[in-house]
Every structure is written in C-alpha cells, then in structure tokens.
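Coordinate inspection notes
So you can see what is in the structure, the chains are spelled out below.
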Amino acid sequence: AQTVTQSQPEMSVQEAETVTLSCTYDTSENNYYLFWYKQPPSRQMILVIRQEAYKQQNATENRFSVNFQKAAKSFSLKISDSQLGDTAMYFCAFMLLNSGYALNFGKGTSLLVTP
Amino acid sequence: GAGVSQTPSNKVTEKGKYVELRCDPISGHTALYWYRQSLGQGPEFLIYFQGTGAADDSGLPNDRFFAVRPEGSVSTLKIQRTERGDSAVYLCASSHHRTGELFFGEGSRLTVL
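The following paragraphs examine the structure supplied in this document. (Residues numbered from 1 in each chain as written. Chains lettered and ligands numbered in written order. Predicted model: local features only at pLDDT ≥ 70, side-chain atom pairs only at ≥ 80, totals over all residues. Heavy atoms only, no water.)

Here we look at the overall build of chain B
Counted only if it meets this: Runs of H or I in DSSP of at least four residues are treated as helices and runs of E of at least two as strands, each being numbered from the N terminus. When we talk radius of gyration, it's over C-alpha atoms, and the globule rule is simply 2.2 Å times the number of residues to the 0.38.
Across its full length, chain B holds 0 helices and 11 strands. Going residue by residue from the N terminus, the α and β elements of chain B occur as β-β-β-β-β-β-β-β-β-β-β. Relative to the globule expectation of 13 Å for 113 residues, the C-alpha radius of gyration of chain B, 13 Å, shows essentially globular dimensions. The principal-axis extent of the C-alpha atoms belonging to chain B is close to 40 × 25 × 25 Å.

Focus on the state of the cysteines
Here, the word disulfide means a covalent bond between the sulfur atoms of two cysteines. Under the convention used in this document: The disulfide criterion used throughout: a pair of cysteine sulfur atoms within 2.5 Å. Burial classes: relative accessible area under 20% of the type maximum marks a residue as buried, over 50% as exposed, and values in between as partly exposed (1.4 Å probe, protein chains only).
Scanning the model with the defined rule gives 2 disulfides over all chains in all. Cys23(A) shares a disulfide with Cys92(A); S-S distance 2.0 Å. Between Cys23(A) and Cys92(A) the disulfide shows an S-S torsion of about -70°. By sign, it is left-handed. Taken together, the positions of Cys23(A) in the loop between β3 (19-21) and β4 (24-26) and Cys92(A) in strand β10 (residues 88-96) put the pair 69 residues apart, joining distant regions of the chain. With its sulfur 1.9 Å from that of its partner, Cys23(B) forms a disulfide with Cys92(B). Disulfide Cys23(B) to Cys92(B): torsion about the S-S bond roughly -70°, handedness left-handed. Of this pair, Cys23(B) sits in strand β3 (residues 19-24) while Cys92(B) sits in strand β9 (residues 88-95), placing them 69 residues apart in sequence. With respect to burial, Cys23(B) and Cys92(B) carry one shared label: buried.

Section: the pattern of salt bridges
Pairing between side chains of opposite charge can happen when their charged atoms approach one another. Residues and elements named next belong to chain A. The line we're drawing: The salt bridge definition used is simple: a Lys or Arg side-chain nitrogen within 4 Å of an Asp or Glu carboxyl oxygen.
Under the definition given, this model contains 7 salt bridges over all chains. Across the pair Asp26 and Lys73 runs a salt bridge, and its minimum N-O distance is 3.8 Å. Taken together, the residues span a long stretch of sequence, with Asp26 in strand β4 and Lys73 in the loop between β8 (64-69) and β9 (74-79) at a distance of 47 residues. Overall, the relative accessible area of 26% leaves Lys73 in the partly exposed class. With a closest N to O distance of 3.9 Å, Glu52 and Lys55 form a salt bridge.

Describing the interface of chain B and chain A
Our working definition: In this analysis, two residues are considered to be in contact whenever any of their non-hydrogen atoms come within 4.5 Å of each other. Values labelled buried area give the accessible surface lost by two parts on being combined, using a 1.4 Å probe and summing over both. For this analysis, a polar contact is any N or O atom pair within 3.5 Å, provided that within protein one partner can donate a hydrogen and the other can accept it, and provided that sequence-adjacent residues contribute only side-chain to side-chain pairs.
Every contact between the two is made by 25 residues of chain B and, on the other side, 20 residues of chain A. At the boundary of chain B with chain A, total buried surface from both sides reaches about 1800 Å², with 50% on carbon and sulfur atoms. In this assembly, chain B and chain A are joined by 0 salt bridges. One can count 7 residue pairs in polar contact (both at pLDDT 80 or more) joining chain B with chain A. Those elements giving two or more residues to the side of chain B that touches chain A turn out to be β4 (31-37), β5 (44-50), β9 and β11 (108-112) of chain B.

Right, dumping it as structure tokens:
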C-alpha cells in the first residue's frame, strides 16, 4: 500500500514571504502522479499542482512550485509571495497509475498566512 | 452545472437511521469517486466508478455502506443503520479518465447523533 506523510500539522507565514510544505511518500511502484490540493473552509478540494513521476523537471504553477526528489520519495510545495487567500489546509496526494486513479492523501498541513 | 454538485450539504440523523448522499459529477466525466474525511484527517478513499460499474470498492468500511451509479452519471452513497462513527464529510469527485485530474464537490457533512 502507498502511504503519504505530511510531518507539519500547522505552519504560519507572513504575507509576501515564502513557505515550504513537506511531503514524503512510500511506494515500490514507478508510474504515479503526485498532487498538492488546497482545501479552504468551504471544504472544496482544489488542485494546486501536479507532478508526473516520469518527469524530472519540477512542476510550477505561478507562485506554486514543487521540489520533487524521486529517489528520496519527497515532494515539497513552495509557495512564493504568500497571500492571505492562501490560508487553507494543504494535502499532498499520491495516485498510482493503471490502478483506478484513486488518490491516497496525507493528513494535511494547516497553513495560516498573516498580514 | 459546471462543477461537481453534492446534496445535501449537511445532514443530521439519528443513530440507526438510513441515509442517502447524492453526487452529480461534471458532465462527460466517466470516473466518479467517493471519499470520507473525518475531522482533522485527509480524505480516505471509499469507492471508484468507471461508468456504471464499481471498479474498486475496497475502501468501503463495511457492508452498511453501498453506492450506485445506475446510468453512469449521478451517484448515490447509501449508509444503512448509521453509527456515530460515520459522522464525517463525504466528498465526491469526478474525472475524465485520461487526465487523472480529480475535481471535487464541496462535500456532504453527515452528523449522526
């Protein structure tokens, strides 16, 4: 079974600063995707960024980027120029390809952006 | 609608009662998922549909939980003889099979008294 670990239950960052959220995972498979999802108080999970395991280049989406270290099974999220609207729960998730595309989620990191 | 729609948004019931939660996926999405999210936890996979059939129901906790998707679109999650431990937010997601990107609804919060 695949496991996803987020070791930071809570984090705080000042507006305009940069913050990095950690995620490690455990799998013996080679073909998978990794995701970061954001869940604001509205409860709706929103995709932040996705990384295909076969790609060496780290994914970026505007202020969001990842540091994907496949050998170390590490997948951290960096948020640059943090904004108040970034306050939310952030979940790291793993998807094994060709197995139904079910997501395995970590327990989440609560991020608070302060003025 | 443009997104995944879930009803009811909130449901309060008594222990032992039967509950149905509905999910209306994004039009054209063939894959549909149910997840359960307990307080302070990440979502846990329950069941996955590809079309009308349940392709993977390994996450259903016991036989009190059942889900259907009779026409390959709307899905209903059914919980019999509810228990207090069933209290959680039940999330539905849909995807186009090829992309693998899941789009989530806002969830149904179930409270069993």
